[in-house]
Amino acid sequence: MPLDQIKQVAVLGAGTMGNGIAHVFARAGYNVILRDVETRFLDRGLETIGKNLDREVKKEKITAAEKPQILARIRPTTDVSALAAADFAVEAVPEQLDLKVRLLKDVDAALRPGVILASNTSSISITQLAAQTSRPEKFIGMHFMNPVPVMALVEVIRGLATSEDTFQVTMALCEKLEKKPVAVNDAPGFVSNRVLMPLINEAAFAVMEGVATAEAVDQVFKLGMAHPMGPLTLADFIGLDVCVDILRVLQEGYGDPKYRPCPLLVRMVDAGWLGRKSGRGFHSYDR
């Protein structure tokens, strides 16, 4: 579908990434169908969008009058058949292959034939996901960064069957959202997580082996490498469960033991210490 005919966008999943993606589409003037499986997830997502818009008002990125207009463009629903009205769709559910495949099959059946279906996956093969749909030439990776309203980058990943038209429309759509798209070829973890996750994993090993505390590791990267936050603070922000999921995708995809999740990371996830969202990870947070 041509870029100028895209008026209504479906976002599948109202969690951290999904509500952020819905936010930026609505802020750019698109009507958004925000779909999740339960109303409570949608309510929580809309509450988060409202708070993030308040921050943008305070920072004078938008006016107070624009906030209700942006929120009015977002229509929450639990009904998958509502996706038939969408001109473009972005999947943003957790990084679990079985979950994504089940959702994509349902979404594929609900969307009109010419509609592009994008996945916000942060590590899973776009070619593999595309093959589960009836529209592999209309399937593409659109990996937004967290927090979506703030971060400029979108990794745009072509699967083996992705058409040139699908790629060009998606790149142009990113520009309409005031994002900076970077074209990346399909490989486990793409560029961002292929490089970032081993850093986070090695930082976790340093803590597990007693080389340094989590605070010290993060200070080394902030003071010595000019990182805005240390790798373990970043891991807490991403979610330690998400980090472990991505590392396992990398380990399976490359067959290389260097991607094996640090046992400390796995134990923390098993304990429910997921980072910011649970109130405790490598650091503690007020929930």
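On a predicted model such as this, the values are computed, not experimentally measured, just so you know. (Residues numbered from 1 in each chain as written. Predicted model: local features only at pLDDT ≥ 70, side-chain atom pairs only at ≥ 80, totals over all residues. Heavy atoms only, no water.)

Participant: Which residues make up helix H11 (residues 263-270), and what values do they have?
Facilitator: Of all the positions in H11, only Leu-264, Leu-265, Val-266 and Met-268 are classed as buried. Contacts made by the buried residues of H11 are with helix H7 (192-208) and helix H10 (240-254). Just beyond H11, the residue with positive phi is Gly-272, at close to 85°. (Buried < 20%, exposed > 50% of the residue type's maximum accessible area, 1.4 Å probe, protein only. Helix = DSSP H or I, 4+ residues; strand = E, 2+ residues; numbered from the N terminus. Contact = heavy atoms within 4.5 Å.)

Participant: Report on the side chain of Asp-218, specifying residues and quantitative values.
Facilitator: Mapped onto the elements of the fold, Asp-218 is located in helix H8 (residues 214-224). Look at Asp-218: it is buried, it has no salt bridge, and the nearest opposite charge is Lys-222 at 7.5 Å. Setting aside anything within four residues of it in sequence, one finds Asp-218 in contact with Gly-230, Pro-231, Leu-232, Thr-233 and His-283. (Lys, Arg positive; Asp, Glu negative; His and termini not counted. Salt bridge = Lys/Arg side-chain N within 4 Å of Asp/Glu carboxyl O.)

Participant: Any details on the nonpolar core? Residues and values, ideally.
Facilitator: In this structure, Phe-25, Phe-88, Met-142 and Phe-144 are the most contacted members of the largest nonpolar core, which totals 62 residues. Broken down by element, the residue count for this core peaks at six residues, all from helix H1 (residues 16-27). Judged by nonpolar contacts, the second largest core, of 24 residues, contains Ile-200, Leu-232, Val-244 and Leu-250. (Core = buried A, V, L, I, M, F, W, Y, C linked by side-chain atoms within 4.5 Å.)

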